[in-house]
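Overview (structure and organization)
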Amino acid sequence: MPPLSVLFKTVSTDCNLDCSYCYYRQSLEGMRVRRRIDRGMLEVLLPQYMEYVADVGQAGFAWQGGEPTLVGLDFFRWVVDLQEGHARRGTAISNALQTNGVLLDDAWGSFLRHHNFLVGISLDGPAEVHDIARKDRGGHGSFRRVMAGVDVLRRHGVDFNCLCVVGPHNVHRTRELMRFFRSEGFSHIQFMPAMDFQSTEPEKPAAYSIDPEEYGEFLVQLFDEWYQDGKPRISIRTFDSFLQSYLGAPNELCVHGDSCTAALVVEYNGDVYPCDFFVHPSWRLGNILSHSLRSMAESDERARFVGQKHPLPVECQPCEWKAVCRGGCPRNRITLEDGRQTSEYFCRSYKRFFSYADGRLRSLCERVISRLRYLQQSQLIEVKSRSRLGRNDPCPCGSGRKHKVCCGDPVLSQSYVFRQVG
Ligand code: SF4
Ligand code: SF4
């Protein structure tokens, strides 16, 4: 059984910012009810979940919103105790928190470090870019407060990465973005095109704020910034995922994976859905208070969702990039009157990107593979899998350099590299 992660919406779509592209925005209009995750529901879910993942020994929790920190630090203190109380011996627990960062203070920093949370910070670039779209309800930019949150994470040594939404405000400013992220020392970045749709209305076609040509050009320029003569020093999740595909490995990004194998999404009230883009009654798998986790995770409905990418649309069948693109995200397809689906909205972006980057991605693969052979020979893989190396620890290969800039460099240390030879 593959590991099953669970994504919790601690406050549903409630948020303390008012970003212009947020696809939850319309659903908040007129909303007066304050929504907070039901602790009773978690007391029911946690024992079931820990039992469900006991065989694989990995329990993965992702905390999102809206803005998940609105639920308060006491909630997270309570929940890690609950996790530890119900985990079977030997289960590795991981927690990931996606936040806009504005509420983070030293108490949060200390807690997140102590419990090894991986934090994703939403940041769209330098102040003059970020503040165009990511404003508070008073219309003020949030950059200064987000960076104060980043400082908290740095001071406390919390592992964090950055989520940058690509919209009209930054799609033509690729070099400026990368200059900023490099100067701030961000080593792991995810770029995500802004999509203006209601996850609660999956039957409605999405509206998009950038077109496929713009996003394709963005990817091309980003790739040039990232590639660095075949020695990328920053992990960009989209490119890591393409590299996984080129290596023939399972892709950790569902959009370019073989199937829709996202985590189960648990709403604040216990309703469960198969993906955050399909929070709609037609895809509701049940509720924690009335259905067992196992029955929902193994339901025919979830299996139908996981398989919904296939068959790929007619346009994808002869596509030369099918093996590495894998059809993109079904949420970005349009269902025609005769029931057929179009290829996804960003199809032309991917084609442009693969035509441009194919040769260099292939040579990067060769480099990864030759490094793997070296690692196998020197049996470093065993050392790595047994140890819990920190990124700043001395590299076990004996180079004397920090692990993160040696065998643990962002590209070569991706977990898929080790799975490939495991
Ligand atoms: S619908 Fe899109 S976002 Fe959801 S699991 Fe499938 S590929 Fe991922
Ligand atoms: S590039 Fe376009 S046609 Fe090719 S597999 Fe991807 S979505 Fe389908």
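Residue indices begin from 1 for each chain and proceed along its sequence in written order. Ligands are numbered from 1 and chains lettered from A, in the order in which they are written. Local features in this predicted model are restricted to residues whose pLDDT is 70 or higher, and side-chain atom pairs enter the listing and the counts only when it is 80 or higher, whereas totals over whole chains, interfaces and linings include all residues. Only hydrogens and water are set aside; all other atoms, that is, all heavy atoms of the structure, feed into the side-chain values.

Counted as salt bridges are all cases of a side-chain nitrogen of Lys or Arg within 4 Å of a carboxyl oxygen of Asp or Glu. By the definition in use, this model includes 22 salt bridges. One salt bridge connects aspartate 14 with arginine 35, and the closest N-O pair in it is separated by 2.9 Å. A residue pair is termed long-range when its members are at least 10 positions apart, and aspartate 14 in the loop between strand 1 (5-13) and helix 1 (25-28) and arginine 35 in the loop between helix 1 and helix 2 (39-52) qualify at 21 residues. Residues aspartate 14 and arginine 35 agree in their burial class; the two are buried. Measuring nitrogen to oxygen at the nearest pair gives 3.3 Å for the salt bridge that ties arginine 182 to glutamate 225. Of this pair, arginine 182 sits in helix 7 (residues 174-183) while glutamate 225 sits in helix 8 (residues 212-227), and the two are 43 residues apart along the sequence. Of the residues examined, arginine 182 reaches a relative accessible area of 34% and is grouped as partly exposed. Relative accessibility under 20% of the residue-type maximum defines a buried residue, over 50% an exposed one, and the middle range a partly exposed one, all with a 1.4 Å probe and only protein chains included. For glutamate 225, a relative accessible area of 17% gives the class buried. Within the structure, one salt-bridge network assembled from shared partners comprises Lys9, Glu267 and Asp276. Secondary structure counts use DSSP, requiring at least four H or I residues in a row for a helix and at least two E residues in a row for a strand, with both numbered from the N terminus.

For the rest of this paragraph, the subject is the packing of helix 9 (residues 237-246) against helix 13 (residues 347-377). Axis lines are fitted to C-alpha atoms, over the contacting stretch for helices. Their N-to-C directions set the angle, which ranges from 0 to 180 degrees. Contact geometry for helix 9 and helix 13: axes closest at 10 Å, N-to-C directions at 70 degrees. It follows from the interaxial angle that helix 9 and helix 13 lie roughly perpendicular. Where helix 9 crosses over helix 13, the two elements pack in a sense that is right-handed. Across the interface between the two elements, Phe239, Phe242, Leu243 and Tyr246 of helix 9 pack against Phe353, Phe354, Asp358, Leu361, Arg362, Leu364, Cys365 and Val368 of helix 13. Residues are grouped as follows: nonpolar covers Ala, Val, Leu, Ile, Met, Phe, Trp, Tyr, Cys and Pro; charged covers Asp, Glu, Lys and Arg; every other residue, Gly included, is treated as polar. Here the contact of helix 9 with helix 13 is built from residues that sort into 10 nonpolar, no polar and two charged. An angle below 35 degrees is treated as roughly parallel, one above 145 as roughly antiparallel, one from 65 to 115 as roughly perpendicular, and anything else as oblique. Each crossing gets its hand from how the near helix is turned against the far one by less than a right angle, where anticlockwise is left-handed and clockwise is right-handed. Contact criterion: two residues are considered in contact whenever any of their non-hydrogen atoms come within 4.5 Å of each other.

Here the residue pair histidine 310 and proline 311 is connected by a cis peptide bond, since its omega of -5 degrees sits within 30 degrees of zero. As for its position among the elements, proline 311 is in the loop between helix 11 (300-306) and helix 12 (322-325). Backbone geometry at glutamine 228 places phi at a positive 50 degrees, although glycine is not the residue there. In this structure, glutamine 228 sits in the loop between helix 8 and strand 9 (235-236). Positive phi values are uncommon outside glycine, yet aspartate 229 reaches one of about 55 degrees. Tracing the chain through its elements places aspartate 229 in the loop between helix 8 and strand 9.

Once that is clear, we can look at the site of ligand 2. Residue proximity to a molecule or strand is established when one non-hydrogen atom of the residue lies within 4 Å of it. Around ligand 2, the structure places Glu315, Cys316, Cys319, Lys322, Cys325, Gly327, Cys347 and Lys351. Among the secondary structure elements, those contributing two or more residues to the shell around ligand 2 are helix 12 and helix 13. Looking at the shell around ligand 2 residue by residue, the classes come out as four nonpolar, one polar and three charged.

Here helix 2 crosses helix 3 (residues 73-86) at 30 degrees, and the two axes come no closer than 9 Å. The angle between helix 2 and helix 3 falls in the class roughly parallel. Considering only the axes of helix 2 and helix 3, their crossing is right-handed. Between helix 2 and helix 3, the contacting residues are Arg39, Leu42, Glu43, Leu46, Pro47 and Met50 on the first element and Asp74, Phe75, Trp78, Val79, Leu82, Gln83 and His86 on the second. Within the contact of helix 2 with helix 3, the residues separate by chemical class into eight nonpolar, two polar and three charged.

Secondary-structure assignment places leucine 243 in helix 9. For leucine 243, a relative accessible area of 0% puts it in the buried group. Placed 122 residues apart in sequence, leucine 243 and cysteine 365 show a C-alpha to C-alpha distance of 6.9 Å.

All right, on to the sheet that holds strand 12 (residues 286-287) then. Strands pair, by our definition, only if DSSP identifies at least two bridges between them. Reading across from one edge, 9-6-5-4-3-2-1-10-11-12 is the order of the 10 strands in this open sheet, with mixed pairing throughout. Edge positions in the sheet fall to strand 9 and strand 12, since each of these pairs with one other strand and no more. Relative to strand 3 (residues 92-99), strand 2 (residues 58-64) runs parallel, the two being bridged by six bridges. Counterpart to alanine 62 in the pairing with strand 3 is alanine 96.

Another point: the pairing of strand 3. By convention, orient the strands away from the viewer: a clockwise path from the first strand over the helix to the second makes the crossover right-handed. With helix 3 bridging strand 2 and its parallel neighbour strand 3, the resulting β-α-β unit is right-handed. Here four bridges tie strand 3 to strand 4 (residues 118-122), and the two strands are oriented parallel to one another. Bridge pairing links leucine 97 to valine 119 in strand 4. After leaving strand 3, the chain enters helix 4 (residues 106-114) and then returns to the sheet as strand 4, a path that is right-handed.

A few words now on the packing of aromatic side chains. Two aromatic rings from Phe, Tyr or Trp, using only the six-membered ring of Trp, form a pair when their centres are within 6.5 Å; if the ring planes differ by under 30 degrees the pair is stacked, by over 60 it is edge-to-face, and anything between is tilted. Counted by the stated rule, this structure contains 37 aromatic pairs. Here phenylalanine 76 and tryptophan 108 contribute two aromatic rings whose centre-to-centre distance is 5.6 Å and whose plane-to-plane angle is 65 degrees, an arrangement assigned as edge-to-face. One end of the pair, phenylalanine 76, is in helix 3; the other, tryptophan 108, is in helix 4, with 32 residues separating them in the sequence. In this structure, phenylalanine 76 and tryptophan 108 share a single accessibility class: buried. Ring geometry for phenylalanine 180 versus phenylalanine 186: centroids 6.4 Å apart, planes at 55 degrees, classification tilted. An aromatic cluster of at least three residues, connected via ring pairs, comprises Phe143, Phe160, Phe180, Phe181, Phe186, Phe191, Tyr208, Tyr215, Phe218, Tyr345 and Phe346. Only when the NZ of Lys or the CZ of Arg is both within 6 Å of the ring centre and within 35 degrees of the ring normal is a charge said to sit over the ring. Sitting over the ring of tryptophan 78, arginine 39 keeps its end group 4.9 Å from the ring centre. Positioned over the ring face of tyrosine 227 is arginine 360, at 5.3 Å from the centre of the ring.

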